[in-house]
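Coordinate analysis (summary)
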Amino acid sequence: MNISHVDRGQAFRYMRLPSEPDARFLEMAGICEKQLLSMISPKYVYRVFPIIRTEDGISGGGLLLRGNDIASHLKECSQVIFLCATLSAGADRAIRQSSASDILGGMMTDAMANAVIEQVCDNAEQEIFANLPNHYFTWRFSAGYGDFPLDTQADFLKVLNAEKRLGVTLSESHLLIPTKTVTAVIGVSETPVPKGKKGCAICNLSEKCPYRAKGVHCHD
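Here we summarise the structure given alongside this text. Computed from a prediction, not measured in an experiment: that's the story for all the values here.

When two helices pack together, their arrangement is given by the angle between their axes and by how far apart the axes lie. Viewed as axis vectors pointing N to C, helix α2 (residues 23-39) and helix α4 (residues 89-101) meet at an angle of 145 degrees, and their least axial separation amounts to 8 Å. As α2 runs across α4, the sense of the crossing is right-handed. Along its contact with α2, which presents Gln 35, Leu 36 and Met 39, the element α4 presents Gly 90, Ala 91, Arg 93, Ala 94, Gln 97 and Ser 98.

Take the packing of α4 against helix α5 (residues 103-131) next. Put simply, α4 and α5 touch, their axes get as near as 6 Å, and they point 160 degrees apart. By the angle between their directions, the pair α4 and α5 is classed as roughly antiparallel. Contacts from Ala 94, Ile 95, Ser 98 and Ser 99 of α4 reach α5 at Ile 103, Gly 105, Gly 106, Thr 109, Asp 110 and Ala 113. Grouping the amino acids of the contact of α4 with α5 by side-chain chemistry returns four nonpolar, five polar and one charged.

Attention now goes to the environment of Thr 86. Along the chain, Thr 86 falls in strand β5 (residues 79-86). In this structure, the C-alpha to C-alpha distance between Thr 86 and Thr 179, residues 93 residues apart in sequence, is 8.3 Å. Separated by 2.8 Å, the side chains of Thr 86 and Thr 181 make a polar contact.

The rules behind the values
- Residues numbered from 1 in each chain as written.
- Predicted model: local features only at pLDDT ≥ 70, side-chain atom pairs only at ≥ 80, totals over all residues.
- Heavy atoms only, no water.
- Axes fitted to C-alpha atoms, helices over the stretch in contact; angles between N-to-C directions.
- Helix = DSSP H or I, 4+ residues; strand = E, 2+ residues; numbered from the N terminus.
- Left-handed = near helix turned anticlockwise from the far one by under 90°.
- Contact = heavy atoms within 4.5 Å.
- Parallel < 35°, antiparallel > 145°, perpendicular 65-115°, else oblique.
- Nonpolar A, V, L, I, M, F, W, Y, C, P; charged D, E, K, R; others polar.
- Polar contact = N/O pair within 3.5 Å; in protein donor to acceptor, adjacent residues only side chain to side chain.

As far as function goes, none of this settles anything; it's purely spatial.
Written as structure tokens, this is what we have:
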């Protein structure tokens, strides 16, 4: 897929700018944006499965989704979508190159990459929603939120064949490689889905989160 621009408003929010960016800052933003977009290969894959409920919990695609929070998230749903999106290793290279010459440039490129991966996920959702008309959807819920274990990532990637299709793998600590990669679970229902807790309210990383330390959030 092609991303023609970075959502700078989102990227600048990640950087927590104290005021309106000046001309020099905007010039640097233009340079970082151009470099980042030239080096990334945004892509995603998703699959839709019926939800199976047993005494052990809920599952989709043969993958048991452990934890009370993911069970609550999918409570009203009959199907589940597994999504993986990535900017490819090019995003990591762009960040390293920018950081090597300018600390601020590295921070800006990193923030822009975070904004772009959200844009990729949003584009994926648009496709999903168009392919499933007359349905209702939950927001994206990722492993590591609440009590949904981070080690679910390994089986999640296998179900999507993400290593072969996207080049996505895991570190020994279950972190996604390339780093600008997102996995998420989306519930599908035939009736409106009640809104539940979201973001920092249920995130296991909230106490150590670099965004919260800056007074911002990684999601709206």
